[in-house]
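Summary of the model geometry
Residues per chain are reported as follows:
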Amino acid sequence: MSPTLLTIAICIALLGVAIMLLGVKALFVKGGSFPSPHAHDNPALRQRGVGCHRDSD
């Protein structure tokens, strides 16, 4: 196997592992879900006065 193909294979494997680890809670925990990406659902952003762009329309 050439070094280029080996590097690509390693990168694809690492990306696959990273995606699996990101979904562990959503896939394997009963009632688990991905966190909301919206600013209005984040308490730390609400304390700083940052709001969702949809709220400003």
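The subject of this paragraph is the overall build of the protein chain. Along the backbone of the protein chain there are 3 helices and 0 strands. When the helices and strands of the protein chain are listed from N to C terminus, the series reads α-α-α. Against the compact-globule benchmark of 10 Å for 57 residues, the protein chain has a radius of gyration of 19 Å, which places it well outside the compact range. Taking the principal axes of the C-alpha coordinates as reference, the protein chain spans close to 55 × 30 × 20 Å. Counting over 57 residues, the protein chain shows a buried share of 5%. Carbon together with sulfur atoms contributes 68% to the accessible area of the protein chain, which is approximately 5,200 Å² in total.

Attention now goes to the confidence of the model for the protein chain. Detailed reading of predicted coordinates is not advised where the pLDDT is low. Looking at the protein chain, pLDDT values average 82 and 93% of them are 70 or higher. Highest mean pLDDT in the protein chain belongs to helix 1 (residues 3-22) (93); lowest belongs to helix 2 (residues 24-28) (77).

Relative to the assigned elements, glycine 23 resides in the loop between helix 1 and helix 2. A residue is classified by how much of its surface remains accessible, and glycine 23, at 4% relative accessible area, is buried.

A few words on a nonpolar patch on the surface. Together, Met1, Leu5, Leu6, Ile8, Ile10, Ile12 and Leu14 make up an exposed nonpolar region whose accessible area comes to about 770 Å². Tracing the backbone shows isoleucine 10 in helix 1.

A few words on helix 1. In an α-helix there are 3.6 residues to a turn, and that puts residues three or four apart on one side. Its 20 residues place the ends of helix 1 29 Å apart at the C-alpha level, agreeing with the 28 Å of an ideal helix rising 1.5 Å per residue. With 0 of its 20 residues buried, helix 1 lies for the most part at the surface.

Basis of the calculations
- Residues numbered from 1 in each chain as written.
- Predicted model: local features only at pLDDT ≥ 70, side-chain atom pairs only at ≥ 80, totals over all residues.
- Heavy atoms only, no water.
- Helix = DSSP H or I, 4+ residues; strand = E, 2+ residues; numbered from the N terminus.
- Rg over C-alpha atoms; globule rule 2.2 N^0.38 Å.
- Buried < 20%, exposed > 50% of the residue type's maximum accessible area, 1.4 Å probe, protein only.
- Areas by Shrake-Rupley, 256 points an atom, 1.4 Å probe, with all protein chains shown as cover.
- pLDDT = per-residue confidence, 0-100.
- Patch = residues over 30% accessible without salt bridge, like charges linked within 9 Å, V, L, I, M, F, W, Y side chains within 5 Å.
- Salt bridge = Lys/Arg side-chain N within 4 Å of Asp/Glu carboxyl O.
- Expected span 1.5 Å × (residues − 1).

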